[in-house]
Amino acid sequence: MIAADTLPEAAVSVPVAIAHGDGIGPEIMDATLAILNAAGAKIEPRPIEIGERVYRSGLSSGIGDEALETLGSTRLLLKAPITTPQGGGYKSLNVTIRKMFGLYANVRPARAMAPFVPTLHPEMDLVVIRENEEDVYGGIEHRQTDDVTQCLKLITRSGTERIVRYAFEYARAHQRKRVTCFTKDNIMKVTDGLFHRVFTEIAAEYPDIENEHFIVDIGAARLATNPERFDVIVLPNLYGDILSDVAAELCGSVGMAGSANVGDDIAMFEAIHGSAPDIAGQGIANPSGLINAAIMLLGHIGQGAIAKRIQDAWLCTIEDGIHTRDIFGAQSVRCVGTSEFAQAVIERLGRAPSRLASPEIGRCIVPEEKREATSAGTVEKRRVGVDMFIDWNDGAPAELAERLLAIDAEPMRLTMITNRGTQVWPRASSSTRCVDHWRCRFQSETPVDGGAVARLMAAIEALGLETIKCEGLYTFDGVAGYSLGQGQ
Ligand code: NAD
């Protein structure tokens, strides 16, 4: 990330894909484009169609080949919110775009505009940096038995390194003092545990920036009651999704916040809110979230001075009390609709705010030399067993164990059975409610080859038991890469 004032202003127009979106999308996009135009932004809009109409035309991804081609060539997208139709079969377009184009960092600033916009936290000024590709957002879900569904949570070392390094680089470039990490590693010791561990490792490379970690539940509580104490927060995808909305709302309205979704050489800019179908078509939506996203876009493409000009005019509009309904309060002077708000911003171009700070706007990418993974190294990976998941609904855990113990599982032996993660054999509590989904752990003192796994699975099936899936148990340099059962 390079400071805006070190960047040359672009001399020629930059092609940018523009998606008008659904619900309030077209209204706030028209308002934003009018401001960009009036401010002299050097962009060449390339409209693309994505979202509800594309879904309804039969494309379950919500995006067609033509739009993908435009995106692939512009490498930049300014996107209004879209509506994901409810019901099965439709994939979230936002997640698809983020993942297809490797937009791994989601940057969501949340700054109070006190006293002009009502908030309980006038000093609040933080940035949520959300990992944008992993966690449960892979959408890898299965119904495995009559009763049981599962969603796969994936956290990678390489993905975590990238997002955590991004957060520290962002903090450094924006003169922020502290990076805070939230995880739930007291429960998810392998996945969230990795995120926390990598955070600690990378934090050591940035001695000039403070670092701290909270378990996400108390972290979220502190964010809700004392957001002023936070500066930059980096966190896995799902927690980031939820808590960045909380942060925006604490500032006064979810309608105020913009965001950047950043990859190595491609970026998408959008408001953090959705398509607000409840107020669509009424001309009352606050366009500020998308305006702020467009400001971030201009900074990103080297048009920092124009970005600042728009930001100043927007801040003046807020200071002058020209407010949309969602932020209307004691300090407001006039309640305006979407296009009137945009017009007020345009009229203030060239003015500077008198009370609200107007920071420089820079690029949002991490310099190339900082992108390398630091931790590759060779590890000795060894399979030492398997968890066989079995669909069974015919009796007590001890009966299942008795049948499995009769199998020749060499070189493995049955060591544990859990139900919904809780040990039910060899130790059991009479209160554990069991469902039709059993994890049967087979372990070995010596390495286990694929043939042994296949033989074991065939032997279980030969008993008339259905193996839903088989998960390998591995050690890495002798350290177990799997969790214990609850109660083990
Ligand atoms: P939402 O953010 O659209 O609306 C939540 C509430 O905030 C509503 O009361 C709405 O009126 C209000 N609001 C939102 N933006 C506003 C603005 N600019 N000005 C004034 N008020 C505003 O969330 P939702 O209702 O949960 O979702 C609606 C649809 O949006 C869903 O289909 C969802 O999938 C989609 N969505 C899209 C995106 C995106 O495209 N990035 C993000 C979130 C949700």
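Rules used throughout
Throughout, a residue's number is its position along its own chain's written sequence, starting from 1. The model is predicted, so local features are restricted to residues of pLDDT at least 70 and side-chain atom pairs to those at 80 or more, both for listing and for counting; the totals for chains, interfaces and linings are taken over all residues. Side-chain calculation: all heavy atoms of the structure are included, whereas hydrogens and water are not. Runs of H or I in DSSP of at least four residues are treated as helices and runs of E of at least two as strands, each being numbered from the N terminus. Axis geometry follows a simple rule: fit a line to the C-alpha atoms, using only the stretch in contact for helices, then measure angles between N-to-C directions, giving values from 0 to 180 degrees. In these notes the angle categories are as follows: under 35 degrees is roughly parallel, over 145 is roughly antiparallel, 65 to 115 is roughly perpendicular, and the rest is oblique. For any helix crossing, the convention is left-handed if the near helix is rotated counterclockwise from the far helix by under a right angle, and right-handed if that rotation is clockwise. Whether two residues are in contact is decided by their heavy atoms, any of which lying within 4.5 Å being enough. Gly is placed with the polar residues, together with every amino acid not listed as nonpolar (Ala, Val, Leu, Ile, Met, Phe, Trp, Tyr, Cys and Pro) or charged (Asp, Glu, Lys and Arg). For this purpose, a residue is taken to be near a molecule or strand whenever a single non-hydrogen atom of the residue falls within 4 Å of it. Each polar contact in these results corresponds to two N or O atoms within 3.5 Å; when the atoms are within protein, one needs to be able to donate a hydrogen and the other to accept it, and residues that are neighboring in sequence are counted only if both atoms are side-chain atoms. Only the protein chains shown count as cover for residues, with accessible areas throughout obtained via the Shrake-Rupley method and a probe of 1.4 Å. Those domain boundaries reflect an automatic or database domain assignment. Using a 1.4 Å probe, buried area is obtained as the accessible area two parts lose upon being combined, added over both of them. By definition, a salt bridge exists where a carboxyl oxygen of Asp or Glu is found within 4 Å of a side-chain nitrogen of Lys or Arg. The rule is simple: take the accessible area with a 1.4 Å probe, protein chains only, and divide by the maximum for that residue type; under 20% is buried, over 50% is exposed, in between is partly exposed. Strands were regarded as paired on the criterion that DSSP finds at least two bridges between them.

So what about unusual backbone geometry? Which residues, and what values?
For the bond running from Ala 114 to Pro 115, omega is 0 degrees, close enough to zero to count as cis. Positionally, Pro 115 belongs in the loop between strand 4 (105-111) and strand 5 (125-131). That bond from Trp 425 to Pro 426 is cis: its omega, 5 degrees, falls within 30 degrees of zero. Its location among the elements puts Pro 426 in the loop between strand 17 (422-425) and strand 18 (437-443). For Arg 75, which is not a glycine, the phi torsion comes out positive at approximately 60 degrees. Along the chain, the position of Arg 75 falls in the loop between helix 3 (65-74) and strand 3 (76-79).

Tell me about the packing of helix 1 (residues 25-39) against helix 10 (residues 304-319), and please be specific about residues and values.
Packed helices, taken two at a time, are described by the angle their axes make and the gap between the axes. In contact at an axis separation of 10 Å, helix 1 and helix 10 are set at 120 degrees when each is read in the N-to-C sense. Taken as axis vectors, helix 1 and helix 10 run oblique relative to one another. Handedness of the crossing formed by helix 1 with helix 10: right-handed. Taking contact as the criterion, the partners of Ile 35, Leu 36, Ala 38 and Ala 39 in helix 1 are, on helix 10, Ile 306, Arg 309 and Ile 310. Residues that form the contact of helix 1 with helix 10 fall into these classes: 6 nonpolar, no polar and 1 charged.

If you had to explain the site of the ligand to someone new, which residues and values would you point to?
The environment of the ligand is formed by 20 residues, the closest being Ile 82, Gly 274, Ala 276, Asp 278 and Asn 286. Contacts to the ligand include Gly 274, whose backbone N or O atom sits 2.7 Å from an oxygen atom. With respect to the ligand, the backbone of Ser 275 contributes an N or O atom lying 3.0 Å from an oxygen atom. Look at the ligand: alone it shows 810 Å² of surface, and the protein chains cover 68% of it. Of the residues that constitute the shell around the ligand, the class distribution is 8 nonpolar, 8 polar and 4 charged.

I'd love a proper account of the environment of Arg 363, names of residues and values included.
Its place among the elements puts Arg 363 in the loop between helix 11 (338-347) and strand 15 (381-391). Separated by 66 residues in sequence, Arg 363 and Leu 297 place their C-alpha atoms 8.3 Å apart.

Could you give an account of the domain arrangement of the chain, with specific residues and numbers?
Here the chain is partitioned into domain 1 (1-102 + 267-359), domain 2 (120-251) and domain 3 (381-480). Computed over C-alpha atoms, the centres of domain 2 and domain 3 are 34 Å apart. Of the residues lining the interface, 6 residues belong to domain 2; the matching set on domain 3 comes to 6 residues. Summing both sides of the interface, domain 2 and domain 3 together bury roughly 540 Å²; the carbon and sulfur share of this comes to 51%. The three residues of domain 2 that bury the most area against domain 3 are Gln 144, Thr 145 and Val 148, which together make up 68% of that side's buried surface. For the interface between domain 2 and domain 3, the tally reads 0 salt bridges. Where domain 2 meets domain 3, there are 5 residue pairs in polar contact (both at pLDDT 80 or more).

Outline the pattern of salt bridges, supporting the account with residue identities and numerical values.
As enumerated under the stated definition, the model contains 32 salt bridges in all. Where Glu 212 meets Arg 229, a salt bridge forms, and the shortest distance between an N and an O atom there is 3.1 Å. Remark: Arg 229 occurs in the loop between helix 7 (216-225) and strand 10 (232-235) and Glu 212 occurs in strand 9 (residues 210-215); sequence separation between them is 17 residues. Taking relative accessible area as the criterion, Glu 212 reaches 17% and is therefore assigned buried.

Kindly report on the sheet that holds strand 11 (residues 258-262), identifying the contributing residues and their values.
In space, the 10 strands of this open sheet follow the order 2-1-3-12-11-4-5-10-8-9, with mixed pairing throughout. The open sheet has two edge strands with one neighbour each: strand 2 (43-48) and strand 9. In this sheet, neighbouring strand axes are inclined to one another by 25 degrees on average, regardless of whether the strands run parallel or antiparallel. Sheet contacts for helix 4 (residues 93-100): strand 3, strand 4, strand 5, strand 11 and strand 12 (267-271); angle to strand 12, the most-contacted strand, approximately 155 degrees. Against the sheet, helix 6 (residues 191-203) makes contact with strand 5, strand 8 (178-183), strand 9 and strand 10, and its axis sits at roughly 165 degrees relative to strand 8, the strand it touches most.

Any chance you could break down the sheet that holds strand 17 for me, citing the residues and the numbers?
Strand order in the open sheet formed by 6 strands is 17-16-18-15-19-20, with antiparallel pairing between adjacent strands. Looking at which strands have only one partner, the edges of the open sheet turn out to be strand 17 and strand 20 (479-480). With 10 bridges connecting them, strand 15 and strand 19 (residues 466-476) associate as antiparallel partners. Residue pairing for strand 19: Arg 382 is matched across the bridge by Thr 475. Against the sheet, helix 12 (residues 397-405) touches strand 15, strand 16 (413-419), strand 17 and strand 18, its axis set at about 155 degrees to strand 16.

Residues and numbers for the environment of Ala 221, please.
Structurally, Ala 221 is set in helix 7. Ala 221 gets classed as partly exposed once you look at its relative accessible area, which sits at 35%. When the C-alpha positions of Ala 221 and Ile 310 are compared, they lie 34 Å apart, and in sequence the two are 89 residues distant.

Describe the packing of helix 7 against helix 8 (residues 237-250), with residues and values.
Contact geometry for helix 7 and helix 8: axes closest at 10 Å, N-to-C directions at 15 degrees. Considering the angle they form, helix 7 stands roughly parallel to helix 8. Helix-helix and strand crossings are classified by hand; for helix 7 and helix 8 the assignment is right-handed. Mapping the contact onto sequence places Val 216, Ala 220, Leu 223 and Ala 224 in helix 7 and Tyr 239, Leu 243 and Leu 250 in helix 8. Its residues assigned to classes, the contact of helix 7 with helix 8 comprises 7 nonpolar, no polar and no charged.

With reference to specific residues and values, describe the pairing of strand 10.
A two-sided burial pattern is seen for strand 10, the buried positions comprising Val 232 and Val 234 on one face and Ile 233 and Leu 235 on the other. Two strands pair when backbone bridges link them, and strand 5 and strand 10 are joined in this way by 4 bridges, in the parallel orientation. Residue pairing in the sheet places Val 128 in a bridge with Ile 233 of strand 10. Of the strand pairs in this sheet, strand 8 and strand 10 are connected by 3 bridges, and their pairing is parallel. Along strand 10, the bridge assignment pairs Cys 181 with Val 234.

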